[in-house]
Amino acid sequence: MGKLSGAEPRSGRSWLHPDTWHLRTKLVIVTTLLLVGICTVVGALLYATMDRVLTQQLDGQLAQASYRAAEYGTPGRSSGPSRDPLDAPGQGAGTLNARISNGVLVTSGLRTSDGTRVALTPSDAATLASLPVASQQTGGPGADLPTAVERRLSAGSYRLVAVKTAYGDVVVTGLPLASTESTLNSLVLTTVLVSLGGLVLVGLIGTVVIRRTMKPLDELSRVAGQVAQLPLDAGEVALAMRVPQAAANPGTEVGQVGNALNRMLDNVAGALEARQASEMKVRQFVADASHELRTPLTAIRGYTDMLKLTEPLTDQGAESLGRVETQSLRMSRLVEDLLTLARLDEGQPLKRGPVDLTQLLVETVTDQKVISPDHVWRLNLPEDPVEITADGAKLHQVLVNLLSNARKHTPAGTTVTASAGRSARGDAVLTVTDNGPGIPADLQSTVFSRFARADKARTSGGEGSTGLGLSIVDAIVKAHGGSIDLTSKPGRTEFAVYLPGALSTAAPAPAPAG
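Residues numbered from 1 in each chain as written. Predicted model: local features only at pLDDT ≥ 70, side-chain atom pairs only at ≥ 80, totals over all residues. Heavy atoms only, no water.

A separate point is the pattern of salt bridges. The final tally for this structure, using the stated rule, is 9 salt bridges. Close ionic contact of E494 with R492 constitutes a salt bridge, the shortest N to O distance being 2.8 Å. With a relative accessible area of 19%, E494 lands in the buried category. Overall, the relative accessible area of 40% leaves R492 in the partly exposed class. One connected set of salt bridges, linked through shared partners, spans D59, E150 and R159. (Salt bridge = Lys/Arg side-chain N within 4 Å of Asp/Glu carboxyl O. Buried < 20%, exposed > 50% of the residue type's maximum accessible area, 1.4 Å probe, protein only.)

Looking now at the packing of helix α1 (residues 23-72) against helix α3 (residues 178-229). Their axes nearest at 9 Å, the elements α1 and α3 cross at an angle of 160°. In terms of orientation, α1 and α3 fall into the roughly antiparallel class. Of the two elements, α1 crosses α3, and the hand of that crossing is right-handed. (Axes fitted to C-alpha atoms, helices over the stretch in contact; angles between N-to-C directions. Helix = DSSP H or I, 4+ residues; strand = E, 2+ residues; numbered from the N terminus. Parallel < 35°, antiparallel > 145°, perpendicular 65-115°, else oblique. Left-handed = near helix turned anticlockwise from the far one by under 90°.)

So, on to the sheet that holds strand β14 (residues 492-499). Taken in spatial order, the 5 strands of this open sheet run β9-β11-β12-β14-β13, and their pairing is mixed. Single-partner strands in this sheet number two, and they are β9 (376-380) and β13 (483-489). Taking each pair of neighbouring strands and ignoring which way they run, the sheet shows an average axis angle of 10°. Pairing analysis gives 5 bridges linking β9 to strand β11 (residues 415-422), with the strands arranged parallel. Bridging across to β11, W377 finds its partner in V416. (Pairing = 2+ DSSP bridges.)

With that settled, consider the pairing of strand β10 (residues 387-390). Side chains of β10 alternate between two faces, with I388 and A390 buried and E387 and T389 left unburied. Relative to β10, strand β8 (residues 353-356) runs antiparallel, the two sharing 4 bridges. The partner of V355 across the bridge, within β10, is I388.

All right, on to the side chain of N97 then. Within the secondary structure layout, N97 lies in strand β1 (residues 96-101). N97 sits in the buried class, given a relative accessible area of 0%. At 3.3 Å, the side chain of N97 and the backbone oxygen of V172 are in polar contact. Within polar-contact distance, the side chain of N97 engages the side chain of T173 at 3.0 Å. Apart from residues lying up to four places away in sequence, N97 is in contact with A69, P85, L86, Q91, T107, S108, G109, V172 and T173. (Polar contact = N/O pair within 3.5 Å; in protein donor to acceptor, adjacent residues only side chain to side chain. Contact = heavy atoms within 4.5 Å.)

Glancing now at the packing of aromatic side chains. Summed over the entire model, instances satisfying the criterion amount to 1 aromatic pair. Taking 6.1 Å as the distance between ring centres and 85° as the angle between the ring planes, the aromatic pair formed by F448 and F495 counts as edge-to-face. Placement of the pair is F448 in the loop between α8 (441-444) and α9 (469-479) and F495 in strand β14, with a sequence separation of 47 residues. Of the two residues examined, F448 and F495, each falls in the buried class. (Phe/Tyr/Trp six-rings, centres within 6.5 Å; stacked < 30°, edge-to-face > 60°.)

Below, the discussion takes up helix α2 (residues 122-129). Among all positions in α2, only D124, A125 and L128 are buried. Taken down its axis, α2 places every buried residue within 100° of arc, on the same side. When the buried face of α2 is taken as reference, the exposed residues oriented beyond 90 degrees from it are P122 and A129. Close packing links the buried residues of α2 with β1, β2 (104-111), β5 (149-153), β6 (156-164) and β7 (170-176). (Arc of directions from axis to C-beta.)

Okay, the nonpolar core next. Counting residues in hydrophobic clusters, the biggest one holds 42 residues, and the most contacted among them are L357, L395, L402, F495 and V497. With 7 residues, α9 is the single largest residue contributor to this core. Excluding its chain neighbours within four sequence positions, the residues that come into contact with L402 are V432, L470, V473, I484, F495 and V497. If you look at the next biggest cluster of nonpolar residues, it comprises 15 residues, including V237, V243, A247 and A269. (Core = buried A, V, L, I, M, F, W, Y, C linked by side-chain atoms within 4.5 Å.)

Once that is clear, we can look at the environment of L499. Within the fold, L499 resides in strand β14. Each C-alpha atom of the pair L499 and R422 lies 9.2 Å from the other, and the pair is 77 residues apart in sequence. With near-sequence residues (within four places) excluded, L499 lies in contact with I388, L395, D427, A428, V477 and H480.

This part takes up the confidence of the model for the protein chain. Of all residues in the protein chain, 86% have pLDDT values of 70 or greater, and the mean over the chain is 80. Under a pLDDT of 50 for its full length, residues 1-9 has, in the predicted model, 4 contacts with residues more than four places off or in other chains. Here residues 503-514 is a poorly scored stretch, pLDDT under 50, and it has 27 contacts once near neighbours within four places are set aside; other chains count. (pLDDT = per-residue confidence, 0-100.)

It is worth spelling out the environment of E71 at this point. Within the secondary structure layout, E71 lies in helix α1. Judged by its relative accessible area of 23%, E71 is partly exposed. Expressed as a C-alpha distance, the spacing of E71 and P85, which sit 14 residues apart in the sequence, is 8.3 Å.

Attention now goes to the pairing of strand β12 (residues 428-434). For β12, the tally of buried residues reaches 7 of 7 residues, placing the bulk of the element in the interior. Here β12 shows no split at all, with A428, L430, V432 and D434 on one side and V429, T431 and T433 on the other all buried. Summarising the sheet, β11 and β12 pair through 7 bridges and their orientation is antiparallel. Bridge pairing in β12 places V416 opposite D434. Count of turn residues in the β11/β12 antiparallel hairpin: 5 residues, of which G426 carries a positive phi of about 95°.

Below, the structure is given as structure tokens:
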């Protein structure tokens, strides 16, 4: 059967071509990508919210530490200079304090976890001196904190605030961001791990669910593939395969497709049965008509012979009688060919027996040499005889038709070579090759069809053709379980018949109609 589309299907799937992916693969990938997007958005929002909350908490602690440092360094509470803000009670580990008086860094340092004091580097001091200065907060440690900034120091990242006290000094206070960053990093890691675990779990569950949901499509594909392999073009076709009821439930989208496919197959099966019934009627009519025509045709030939022997005829009468005889003989050949095809269509058993193909080829070619001496006939035979179990009379008809076809459709002087042998698989092979003008390309696809004829200009010697010779060859070869191939181009045409090396004695299946 011919292809309905000129597009060539891809030979396989490739990750570089999404159009070759399975539908279930696309669904899993799309679902996974959507979940990745959702997890990313949720993770980003969670990170931003947590960062804001932790920063607010740290700013609250920074406000208290800044207030304690500023209050502790206020002059007048004791004799002598202002005290170091880092010594203020309640300052925790990691707290940084510095006091700047008249633009000069007077004291600076940070408190470690064991309570010791660590001096700042000159670069840290320069960073603190460049901080924006705000007026001192009022209202106690719970009041709003002036705007804090983040800086990278030698001891790590710090959140810093610089306030100008009532006595004119600038007190810088800072708290480390290490705890906040650690919490955020833990949050990111936890979010990523939970998201990956969720994606893997959802991907596995989604794959199972999608595969189960799409499984009826596999049934549809299987049934459609089986139907595609059936020879629907000829003969009786048993179109029994259907989509299982579980995959043809019209209540689901996939089931609707399966139900529609079943209804389509029912319709096609009905059409094929009607076509087969019509073909059988035509075949029966042809067989009956051919059988009935044999008697009157035989009578016509008998009367023409009797007239030739008993009646004096003028030259014109003899010519007319000769034309009647010629046409009756041509009609008889057509009737015999139709009867042969009708018997083959009915599947009549072949009369099998040992057949020597080399001897059969020699006899047939010898007959053709007598019929057409203006052709060059050659034999190409192996040393050992090629013997098979087959119907010798039918194979003789195959060779006669092939050689006659070469004789009728090639000019005088054409070399026709007949050969016999065995293929690599052990099949018997008969070939008929000529170096004539070849068979037109548009005729090669239908050359084995019934009543297929070449241009009359290509028929040598004015011999008529019924257009059934090659269709009979095809039917006989298929009845033997063999095949026939044709290759033709100008200067070389070859018919190759392949026959099984050994045949069973079981009756063959009916040959499909050509």
